[in-house]
Amino acid sequence: MTTLSTTGSTAPTPAGPAATPAVDPGTVISDEIRVVGMVWERELIRYVRTRTRIVSGLIQPVLFLFVLGYGMSGLVGTTGGFNFRQFVYPGVVAMSVVMTAMFSALSIVWDREFGFLREMLVAPVSRVSLVLGKTAGGATVAAVQGTIMLVLAPLVGIHLTPVLVVQMICLELLMAVAMTTFGVFVASRIQKMESFQVVMQMLLMPMLFLSGALFPLNGLPGWLTVITRLNPLTYAIAPFRQVVFAAQDMSPAARARFPTNVTLFGYTLPIGMELAIVVVFALVFFVLAFRGLSKTE
Amino acid sequence: MTDVEAGKLQVGASANSSPAVDVKGLTKRYGDLTAVDGIDFSVGQGEVFAFLGPNGAGKSTTIKMLCTLAHPTSGRAMVAGFDVGSDAKSVRRHIGLVFQEQTLDDQLTAEENLRFHAVLYGVPHGQVESRIARVMELVALSDRRKDLVSTYSGGMARRLEIARGMLHTPKILFLDEPTVGLDPQTRALIWEDIQRLRIEEGVTIFLTTHYMDEAEYAERIAIIDYGRIIALDTPDVLKASVGTDTVAIETSDDEAALVALQRAGYTVERTEGGLTAFVADEEAAVGPIVAAAGVPVRTVRAHRPTLDDVFLHYTGREIREQHGEAIPMMARARGARRS
């Protein structure tokens, strides 16, 4: 800090230990990348450390898969060797990804309550880095949780291939990124811990139920059709089910019985379009999340 | 970038002479409420400077403005040579902050909390570990380095926060009510930490408190009330400004003692149950007064004005009966949250 001293008479000290970080653009960028990495790492540490969260994050999807799966199978029946459990499996995996991502993002509410958010927000770093780190962390954790769900596939008669696993993980990551940015935005608006449960109940559960995770989106009454098509999760879950079903050996009758496509005004959306909608959704909420956090303090 | 470099140059060029904090006409209004009302002061480098005042006096608002967490309504503040308004990021890089409320992640270990902070404050990669070891040593928590913060007591957590505030070698450490809600023993430990930081790291310390006895540790004190600085000086000068030291005695014959002391040149008054002499230095005066009294002295009470007297003198009130904001309530709320 005194290296710029005008006297300059002191012996040349090789870069004083207390030197303030140099400010050149390269250093700034690498510093910001370190910040993203650190925020990401913290999410992982917290995830690994809270085993109850990992387990509870599995219980609900498992309930849906087996209890609802077996319960509904009797009603829906089997078409060409394909049953409701197989249909609902991708939806349930997506559900666990979405819930983990959302929970991870909403931990910002905890951070606010316990003061740690302040430690992050007053640091001389860009809030973009903080949101990026949080998003990357939430997405990683959610994708891991979703990938753990893959072990259940053989139990319900879903065949996994290496290519399918890679496709699923990629889609899980995309879905998780979108839901984390959305969650960070929501969390930035929640000031009180009590509101957290309300948000989970009033926002997350309806979004999951109206996304096609648990039932096909075709042949619904008009009002329900409109709501499901407005739900961004619909466009994240449909491609997920499409790649899973594409890898299954299904009869045409089964494909007709358990449709995977999303129609909009009678037009069937291609998978690329669905994914584009999710990407746009993620970007919009990334910006909103950044703005939401910038308003704090 | 050129802005920042210019700022750095300014600091470098005047590192030894410019004040650590320099404030002119600083004002903060929230609607109709004037929280801070045009204050001026400056803090020298390496100084321990305290803001003393009741809750709601404007201490925290001032600290927030100096730390760039609140924008001044008017006025100017330079911290570590940078303007808090136009160069907030540079200010933040050069200051350490310990807030009134806890800001640790208690699911991480102490070390992990510190590492997180080091990265956020751009501590060069190669220095992170040595710096963590150093600050943990400064607050005597080295042996608890790898423990989860959730296992820490309130006082330990606070000291860890002080260590964290020092991690990126700030020029100034801001402490907002560092000892509030802690037991006297822990408070003493924290003061030891603060003195050690000052001596070993040469950091300037700016703190706020509403504990009179703690303000005594500071080299200079600004007494703040209703957003204004009403007195600013060293504790001794402040105390001297409100009156002299006194020595009160009870003797076997007050009448004779009064005459004897007056003859010896003391200013003495007859007070309830005895005599009171007004002296320059109570400690030095006790012996001579007892000797000069000429009659057996039964009791001696020497008194030097305290900061309580100073506060009372300048505001007309005791510090604890303020603004309707109950201090014990806050302490309780804090305790409940920590448990």
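**Describing the overall build of chain A**
Then step 1. Looking only at helices and strands, chain A features eleven helices and two strands.
Then step 2. In chain A, the succession of helices and strands from N to C terminus is α-α-α-α-α-α-α-α-α-α-β-β-α.
Then step 3. On the principal axes, the C-alpha backbone points of chain A span a range of 90 × 40 × 40 Å.
Then step 4. Across the 297 residues in chain A, those meeting the buried criterion constitute 49%.

**As for unusual backbone geometry**
Residue and element names in this part refer to chain B.
Then step 1. Even without being glycine, Glu-177 reaches a positive phi, approximately 50°.
Then step 2. In this fold, Glu-177 is placed in the loop between strand 7 (172–176) and helix 7 (184–201).
Then step 3. You will see that Tyr-226, though not glycine, has its phi angle at about 50°, which is positive.
Then step 4. Residue position: Tyr-226 is located in the loop between strand 9 (220–225) and strand 10 (228–233).

**Thoughts on the nonpolar core**
Then step 1. With 121 residues, the main nonpolar core has A:Tyr89, B:Val21, B:Phe41, B:Leu66, B:Val79, B:Phe174 and B:Phe206 as its most contacted residues.
Then step 2. Examining the composition of this core, we find that 17 residues originate from one element, helix 3 (residues 84–113) of chain A, more than from any other.
Then step 3. Setting aside chain neighbours within four positions, we find B:Phe174 in contact with B:Val21, B:Ile63, B:Leu66, B:Cys67, B:Val79, B:Ile95, B:Gly96, B:Leu97, B:Val98 and B:Phe206.

**With respect to the confidence of the model for chain B**
All names here are of chain B.
Then step 1. Looking at chain B, the pLDDT average stands at 84 and 88% of residues meet or exceed 70.
Then step 2. Predicted confidence is poor over residues 321–339, with pLDDT under 50, and the contacts of this stretch with residues over four places away or in other chains come to 29 contacts.
Then step 3. Across the assembled chains, the prediction reports ipTM 0.82 with pTM 0.79.

**Quick notes on the pattern of salt bridges**
Then step 1. Overall, the coordinates contain 35 salt bridges over all chains when judged by the stated rule.
Then step 2. A salt bridge links B:Arg228 to B:Asp37; its shortest N-O distance comes to 3.0 Å. With B:Arg228 in strand 10 and B:Asp37 in strand 2 (residues 33–43), this residue pair connects regions lying 191 residues apart in the sequence.
Then step 3. Its salt-bridge partner being B:Glu111, residue B:Arg145 comes within 2.6 Å of it at the nearest N-O pair. Taken together, the residues span a long stretch of sequence, with B:Arg145 in the loop between helix 5 (128–138) and helix 6 (154–166) and B:Glu111 in helix 4 (residues 110–120) at a distance of 34 residues. The residues B:Arg145 and B:Glu111 share a single accessibility class, namely buried.
Then step 4. Here the salt bridges do not stand alone but share partners, grouping A:Arg42, A:Glu43, A:Arg46, A:Asp111, A:Lys134 and B:Asp105 into one network.

**Things to note about the sheet that holds strand 9 of chain B**
All names here are of chain B.
Then step 1. A sheet is described by the order of its strands in space; here six strands give the open sequence 6-7-8-3-9-10, paired in mixed fashion. Both outer strands of the open sheet, strand 6 (95–98) and strand 10, are each paired with one neighbouring strand and no more. Along the sheet, successive strands turn relative to each other by an average axial angle of 15°, direction set aside.
Then step 2. Set on the sheet, helix 6 makes contact with strand 6 and strand 7; between it and strand 6 the angle comes to about 165°.

**Digging into the sheet that holds strand 11 (residues 245–251) of chain B**
Residues and elements named next belong to chain B.
Then step 1. Across the sheet, four strands lie side by side as 12-13-11-14; this open sheet has antiparallel pairing. Only two strands of the sheet have a single neighbouring strand rather than two, namely strand 12 (267–271) and strand 14 (297–303). Averaged over all neighbouring strand pairs, the angle between strand axes comes to 25°, with direction disregarded.
Then step 2. With five bridges connecting them, strand 12 and strand 13 (residues 274–279) associate as antiparallel partners. Along strand 13, the bridge assignment pairs Thr-267 with Phe-278.
Then step 3. Lying on the sheet, helix 11 (residues 282–293) is in contact with strand 11, strand 13 and strand 14; it crosses strand 11 at an angle near 30°.

Thresholds applied
Residues numbered from 1 in each chain as written. Chains lettered and ligands numbered in written order. Predicted model: local features only at pLDDT ≥ 70, side-chain atom pairs only at ≥ 80, totals over all residues. Heavy atoms only, no water. Helix = DSSP H or I, 4+ residues; strand = E, 2+ residues; numbered from the N terminus. Buried < 20%, exposed > 50% of the residue type's maximum accessible area, 1.4 Å probe, protein only. Core = buried A, V, L, I, M, F, W, Y, C linked by side-chain atoms within 4.5 Å. Contact = heavy atoms within 4.5 Å. pLDDT = per-residue confidence, 0-100. Salt bridge = Lys/Arg side-chain N within 4 Å of Asp/Glu carboxyl O. Pairing = 2+ DSSP bridges. Axes fitted to C-alpha atoms, helices over the stretch in contact; angles between N-to-C directions.

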